[in-house]
Amino acid sequence: MNTSWRSASLVATAAAVLALTTACGQETPSAGSQNVGATAAAGGFGSSGAGTGTGVGAGAGAGNGYGADGRQDSADVPKPAGQLTVSTNAELGKVVTDSAGMTLYRFDEDTAEPPKSNCDGGCATAWPPVPADDATAGPGIDKALLGEVTRADGTKQLTIGGWPAYRYAKDTEVGETNGQGVNGKWFALASDGKKASLASLPGLSVRKTELGDVVVDKNGMTVYRFTKDQAWPKSVSACTGSCLEKWPAVAPVAENDVKGIVKKGLMPFTRPDGVKQMSIGCWPIYTFAGDKKPGDVNGQGIGGTWFAVSPDGKPIGAPK
């Protein structure tokens, strides 16, 4: 009787190990097999080119953390908003624009209840706050949703649905939306203060890019894998500290909130710092601060260790 029980127990244990192995797979590329090369930055998560130190490359972009180069003429003053209207954008749907037709944005690090701006200094140079004093509601705008917040310097900034409103320094033509999705934190404003969106995306889905089909998050931003992470026997992230500033961890997503992705090994795990992170194929996944808008794949191949994720959970273009 005892012998039978032990045999059954051994069979059950073996089956459980096999199931987990099947879920997470064994296609783990070891860190030692990667072709890091001379362009690899310290820790494998920094710049794609020697000496830039930004993790984004030598050009202007997300290098200062806000998405613009931070230059501003000392004579520049905030431009009045005038009559706000709603314009139609092919990719984003309805977005709020000022009287000059320039797109208005919101910042995820701000708060709406109560309204508070957390964009000052160099951030406010890249993302000029919209003055509140002369803003009026035009077609498609509910004036009851317009308000103001007092900034740290004492000036009054326009709020829409409680969210402080900004322009983007790199939008130079009417209707441009170059600020959409910058650093995964800046988004065009809808008339109710929410993020403008043509259609609500699932937590994880698939988008066509220059690399082919890649996994994207709920904001349409490309998802990446770090080959120095571990997927077996359990998910372990090697991206900590300043690495996470350049490569934000993707938060957990419900299994029924994904589309077009192989669900094998699709599960959340807890990082050493206690934060929960999503994994695909049991590999931790991230976005890249240097991707400024949906469809960007600027993180591809950085340090020879970061690669966009394909719908089957594999790293696109990673060395075998």
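So, here is what we can say about the structure in this document. Given the structure is predicted, the values throughout are model-derived calculations rather than measurements.

## Section: unusual backbone geometry
The step from glutamate 113 to proline 114 runs through a cis peptide bond, and the omega angle for that step is -5 degrees. Tracing the backbone through its elements, the reader meets proline 114 in the loop between β4 (111–112) and β5 (115–116). The backbone of asparagine 183 sits at a positive phi, close to 55 degrees, despite the residue not being glycine. Residue placement: asparagine 183 occurs in the loop between β9 (163–164) and β10 (186–188). Under the relative-accessibility criterion, asparagine 183 is labelled buried at 10%. Positive phi, close to 70 degrees, is recorded for cysteine 282, a residue that is not glycine. Position of cysteine 282 among the secondary structure elements: in the loop between β15 (276–280) and β16 (283–284).

## Considerations on the state of the cysteines
Enumeration according to the criterion identifies two disulfides in this entry. Bridging cysteine 119 to cysteine 123, the disulfide has an S-S length of 2.0 Å. Since a negative S-S torsion denotes a left-handed disulfide, the cysteine 119-cysteine 123 link at about -110 degrees is left-handed. Classification of cysteine 119 as buried rests on a relative accessible area of 0%. Between the sulfur atoms of cysteine 239 and its disulfide mate cysteine 243 the distance is 1.9 Å. Its S-S torsion of about -110 degrees marks the bond between cysteine 239 and cysteine 243 as left-handed, since a negative value means left-handed.

## Quick word on the pairing of strand β11 (residues 204–209)
Direction of pairing for β11 relative to strand β12 (residues 212–217): antiparallel, over a ladder of six bridges. Within the sheet, the bridge partner assigned to valine 206 lies in β12 and is valine 215. Hairpin connection from β11 to β12: two residues lie between these consecutive antiparallel strands.

What counts, and at which threshold
- Residues numbered from 1 in each chain as written.
- Predicted model: local features only at pLDDT ≥ 70, side-chain atom pairs only at ≥ 80, totals over all residues.
- Heavy atoms only, no water.
- Helix = DSSP H or I, 4+ residues; strand = E, 2+ residues; numbered from the N terminus.
- Buried < 20%, exposed > 50% of the residue type's maximum accessible area, 1.4 Å probe, protein only.
- Disulfide = S-S within 2.5 Å.
- Pairing = 2+ DSSP bridges.

Any functional reading would require information that these geometric values do not contain.
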